[in-house]
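# Close look at the chain arrangement
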Amino acid sequence: MFLQVNHLEKTFQTRFSKEKTQALRDVNFTAEKGEFIAIMGESGSGKTTLLNILATLEKSSSGDVILEGKKISTIKEQQLAEFRRDHLGFVFQDFNLLDTLSVRDNIFLPLVLGRHKYAEMAERLALLAPKLHIADLLDKQPFELSGGQKQRVAIARALITNPKLILADEPTAALDSKNSDNLLVLFEKINAEGQTILMVTHSSLAASHANRVLFIKDGKIFHQLYRAGKTTSDFNRDITTAMTSLLGGQ
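Parameters and conventions
Residues numbered from 1 in each chain as written. Predicted model: local features only at pLDDT ≥ 70, side-chain atom pairs only at ≥ 80, totals over all residues. Heavy atoms only, no water. UniProt positions renumbered as here; feature names shortened; annotations may be inferred. Helix = DSSP H or I, 4+ residues; strand = E, 2+ residues; numbered from the N terminus. Rg over C-alpha atoms; globule rule 2.2 N^0.38 Å. Buried < 20%, exposed > 50% of the residue type's maximum accessible area, 1.4 Å probe, protein only. Contact = heavy atoms within 4.5 Å. Expected span 1.5 Å × (residues − 1). Arc of directions from axis to C-beta. Pairing = 2+ DSSP bridges. Axes fitted to C-alpha atoms, helices over the stretch in contact; angles between N-to-C directions. Core = buried A, V, L, I, M, F, W, Y, C linked by side-chain atoms within 4.5 Å.

- Named according to an unreviewed UniProt entry, the protein is ABC transporter ATP-binding protein originating from Pseudolactococcus hodotermopsidis.
- Under the UniProt heading Sequence similarities (unreviewed entry), the note attached to the protein is "Belongs to the ABC transporter superfamily."

Next up, the structure:
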């Protein structure tokens, strides 16, 4: 099994209060290599906490996340940054590009941190840039780009390390409908080439591009839907119906 999440729990306690908040409750699911999974839930349902634990940005209170047989919780603190850089790719809603660097250097950043040689970095980018339609943007600065262009650059930065898993947090939230559609079609293409993607979203339209949707409420995954050959519009309708009945009309 590519990814296993077993009995995951997360409890937060504020520094000045004894009151505890349980963000995740006995979360269990598995993912096959090459799946495209969306996680949906209301604000405060625990979906971002779950993503942060998968990203090794937060530690669980109990339970295990196992990626290709390796327990993430056993990775030493000083090795976590290296693990994230080598195995995970991140796509955020606010792009997280550095305006002081060119588009090319933004994309190269994780490889530079991993001390890859320039020739190898250039070779990887030469393959990636045409696929993402950013070949003519590489010498620009991020502030010169549109939102859709910035998100394609962010995807290039996530993919250039050849990650095992892409984690996307509301990747369409800052985009207009046209750029959202373009991004989601791009995700489908990347997934069709074998890339595993796990995306948190509040949008049923975004989730309808995935192969499977997990629904989370009050920190617990309690329902899932499979696309199973449905068109995007038919799957979107199923997801919207499920959200209305399962999550109280969000």
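## Describing the overall build of the protein
- Along the backbone of the protein there are eight helices and 10 strands.
- In summary, the protein has a C-alpha radius of gyration of 18 Å against a globular reference of 18 Å for 250 residues, a match within 12%.
- Expressed as a percentage of the 250 residues in the protein, the buried residues total 47%.
- Taking as baseline every contact in the protein between residues at least 6 positions apart, the subset at least 24 positions apart corresponds to 69%.

## Focus on the side chain of Thr-161
- Mapped onto the elements of the fold, Thr-161 is located in the loop between α5 (147-159) and β7 (165-169).
- In this structure Thr-161 touches Arg-85, Asp-86, Leu-88, Pro-110, Leu-111 and Arg-124, once residues within four positions along its chain are discounted.

## Focus: the environment of Ala-129
- Summarising the element assignment, Ala-129 is placed in helix α4 (residues 118-131).
- The spatial distance from the C-alpha of Ala-129 to the C-alpha of Gly-194 is 18 Å, given a sequence separation of 65 residues.

## Examining helix α6 (residues 177-192)
- Compared with the 22 Å implied by 1.5 Å per residue over 16 residues, the 22 Å span of α6 between its first and last C-alpha is a close match.
- Those residues of α6 that fall on the buried side of the exposure criterion are Ser-180, Leu-183, Leu-184, Leu-186, Phe-187, Ile-190 and Asn-191. Take α6 and look down its axis: the buried residues cluster within an arc of 155°, on one side only. Exposed and oriented more than 90 degrees from the buried face of α6 are Lys-178, Lys-189 and Ala-192.
- Trailing α6 by a residue or two, Gly-194 shows a phi angle of about 110°, which is positive.

## Observations regarding the sheet that holds strand β2 (residues 20-31)
- Read from one edge to the other, the open sheet built from four strands follows the order β2-β1-β4-β5, with strand pairing classed as antiparallel. Strands at the two margins of the open sheet, each flanked by one partner only, are β2 and β5 (70-71).
- Pairing geometry for strand β1 (residues 3-13) and β2, over eight bridges, is antiparallel. Of the residues in β2, the one forming a bridge with Phe-12 is Thr-21.
- Against the sheet, helix α1 (residues 47-54) makes contact with β1, β2 and β4 (62-67), and its axis sits at roughly 65° relative to β2, the strand it touches most.

## Topic: the environment of Leu-165
- You can see Leu-165 is positioned in strand β7.
- Its relative accessible area of 2% is what places Leu-165 among the buried residues.
- Separated by 66 residues in the primary sequence, Leu-165 and Asp-99 place their C-alpha atoms 26 Å from one another.
- If near-sequence neighbours (up to four positions away) are discounted, Leu-165 is found in contact with Phe-2, His-87, Leu-88, Gly-89, Gln-195, Thr-196 and Leu-198.

## Notes on the nonpolar core
- In this structure, Ile-107, Ile-134, Ile-155, Phe-187 and Ile-239 are the most contacted members of the largest nonpolar core, which totals 45 residues.
- Not counting the four nearest positions on each side in its chain, Ile-134 is found in contact with Ile-107, Ala-129, Arg-152, Val-153 and Ala-156.
- Counting residues in each nonpolar core, the second largest holds 30 residues, with Ile-37, Leu-54, Ile-75 and Leu-198 among its members.

## Some details on unusual backbone geometry
- Here the phi dihedral of Phe-95 falls at roughly 70°; this positive angle occurs in a residue that is not glycine.
- Within the fold, Phe-95 resides in the loop between β6 (88-92) and α3 (103-113).
- Among the residues examined, Phe-95 registers a relative accessible area of 10% and is labelled buried.
- Of note in the backbone geometry, His-133 takes a positive phi value of approximately 55° without being a glycine.
- With respect to the helices and strands, the residue His-133 is situated in the loop between α4 and α5.
- The class for His-133 is exposed, based on a relative accessible area of 53%.

## Points about the sheet that holds strand β3 (residues 36-40)
- Read from one edge of the open sheet, six strands run β6-β7-β8-β3-β9-β10, paired in mixed fashion. Lying at the two open borders of the sheet, with one neighbouring strand each, are β6 and β10 (220-226). Adjacent strand axes in the sheet meet at a mean angle of 20°, parallel and antiparallel pairs treated alike.
- In the packing of α1 onto the sheet, the strands contacted are β3, β6, β7, β8 (196-200), β9 (212-217) and β10, and the crossing angle to β7 comes to about 150°.
- On the sheet, α6 packs against β3, β6, β7 and β8 and is oriented at approximately 150° with respect to β8.

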